[in-house]
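Chain residues, written in single-letter form:
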Amino acid sequence: MFAAERRQLILEMVRANGAVSLRELARVVQTSEVTVRRDVRALEAEGLLDRRHGGAVLPGGFTRESGFPQKSHLATAEKTAIADLAASFVEEGEAIVVGAGTTTQELARRLARVPGLTVVTNSLLVAQALAHANRVEVVMTGGTLRGSNYALVGSGAEQSLQGLRVSRAFLSGSGLTAERGLSTSNMLSASVDRALVQAAAEVVVLADHTKLGTDTMFQTVPTDVITRLVTDEPPAHDDRAATELQALADQGVQIAVAGSSAGGGDAAPAGRQQPRRDVPLPGPRRGQMPAGGPQLRSAASVLGEQQQNERERARVADLRRR
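Residues numbered from 1 in each chain as written. Predicted model: local features only at pLDDT ≥ 70, side-chain atom pairs only at ≥ 80, totals over all residues. Heavy atoms only, no water.

### As for helix H9 (residues 187–198)
- With 12 residues, H9 should cover 16 Å at 1.5 Å per step; its first-to-last C-alpha distance of 17 Å lies within 8% of that length.
- The opening residue of H9 is Asn-186, an N-cap whose side-chain oxygen sits 3.0 Å from the backbone nitrogen of Leu-188. (Helix = DSSP H or I, 4+ residues; strand = E, 2+ residues; numbered from the N terminus. Expected span 1.5 Å × (residues − 1). Polar contact = N/O pair within 3.5 Å; in protein donor to acceptor, adjacent residues only side chain to side chain.)

### Focus: the pattern of salt bridges
- What the rule picks out here adds up to 11 salt bridges.
- Note that Glu-78 is salt-bridged to Arg-23, the shortest N-O span being 2.3 Å. With Glu-78 in helix H5 (residues 76–87) and Arg-23 in helix H2 (residues 22–29), this pair connects stretches of sequence that are 55 residues apart.
- What makes Glu-78 buried here is its relative accessible area of 3%.
- Here Arg-168 makes a salt bridge to Glu-202, at a shortest N to O gap of 3.4 Å. (Salt bridge = Lys/Arg side-chain N within 4 Å of Asp/Glu carboxyl O. Buried < 20%, exposed > 50% of the residue type's maximum accessible area, 1.4 Å probe, protein only.)

### A closer look at the pairing of strand E6 (residues 136–140)
- The sheet contact formed by strand E5 (residues 117–121) and E6 spans 5 bridges and is parallel. Note that in E6 the partner of Thr-121 across the bridge is Met-140.
- On the question of chirality, the crossover connecting E5 to the parallel E6 by way of helix H7 (residues 124–129) is right-handed. (Pairing = 2+ DSSP bridges. Right-handed = clockwise from strand over helix to strand, strands pointing away.)

### Considerations on the packing of aromatic side chains
- As enumerated under the stated definition, the model contains 0 aromatic pairs in all.
- The residue whose ring lies beneath Arg-228 is Phe-89, and the NZ or CZ to ring-centre distance is 4.1 Å. (Phe/Tyr/Trp six-rings, centres within 6.5 Å; stacked < 30°, edge-to-face > 60°. Lys NZ or Arg CZ within 6 Å of the ring centre and 35° of its normal.)

### Considering the packing of H5 against helix H6 (residues 102–111)
- Between H5 and H6, the least distance of the axes is 8 Å, while the angle of their chain directions is 50°. It follows that H5 is oblique to H6 by the angle criterion. Regarding H5 and H6, the two cross each other, and that crossing is right-handed. The segment H5 lies against H6, with Lys-79, Thr-80, Ile-82, Ala-83, Asp-84, Ala-86 and Ala-87 engaging Thr-102, Thr-103, Glu-106, Leu-107, Arg-110 and Leu-111.
- Residue composition of the contact of H5 with H6, grouped by class: 6 nonpolar, 3 polar and 4 charged. (Axes fitted to C-alpha atoms, helices over the stretch in contact; angles between N-to-C directions. Parallel < 35°, antiparallel > 145°, perpendicular 65-115°, else oblique. Left-handed = near helix turned anticlockwise from the far one by under 90°. Contact = heavy atoms within 4.5 Å. Nonpolar A, V, L, I, M, F, W, Y, C, P; charged D, E, K, R; others polar.)

### A short note on the pairing of E5
- Judged by how many residues are buried, E5 sits mostly within the fold: 4 of 5 residues are covered.
- Across 4 bridges, strand E4 (residues 95–98) lies against E5 in parallel orientation. Counted as the bridge partner of Val-98 is Thr-121 from E5.
- Note that the unit made of E4, H6 and E5 has a crossover that is right-handed.

### Focus: unusual backbone geometry
- For Gln-30, which is not a glycine, the phi torsion comes out positive at approximately 60°.
- Unlike most non-glycine residues, Tyr-150 shows phi in positive territory, near 55°.
- Note that Tyr-150 resides in the loop between strand E7 (144–146) and strand E8 (151–153).
- Judged by its relative accessible area of 35%, Tyr-150 falls in the partly exposed class.

Below you can see the structure in the form of structure tokens.
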């Protein structure tokens, strides 16, 4: 493919989706990320798009929201890895809220295996993913259906969340920065996400590296409210994404980095913590004595010892009478 053809295809993808990662562009145009980065720089010089952390966006600073069909094909490997890791933080019997989005939909597919779980959601896609999970109770909010992302929004959704209290909220969005936190491009979606946050003791944000440093119109979750960010490993050359992660960690956000099948990266920078599960050491089974403890004895040995003790007491009593 000639350079002009590549750049035209790149421009069409960005216009259709609002934001596209370099990794995804390289896959579509079937070339290296180095070549794609060169093409993006050339298109930026012409004012046709803007470069962002590991990707390209529409010019003008704020990205517009993509529809569900476009989002579902972006960063699929990263979203899968993020969903796998996020699911490991959910425990049996919890009550959680899960917001709308393609990444949270991937999370919901994994939550179907968690017994005793209660999931409150405004997303039809999340509810659909859990519809056949026998041990998971799904509670839908009210509201008006927003067709572009299959989510319930509006005052009905917000009112149905009043008085609700759960352990965790899992949310996604269009962009994430250390300065403003999580944001989205739609006012109604942002308002419902804020109501979901108010219902939760902890807030977990799911965002792949292409959203780091991207700022959109409506703030949903300020940085100081975010408990944990689950993200993927940015490409080794994406210094700005690593800087954004460091800034989030400096503000107290716990960073959990998921491995991506799209390829590994360099070691995590300072401030980025790999998730860790403390597993208790196995103890003795019930009724089993630990190594080095008392040993079982036969009945005969116990009886012989008792007879020996009887003879010893009789001898001592005889000596005292003398």
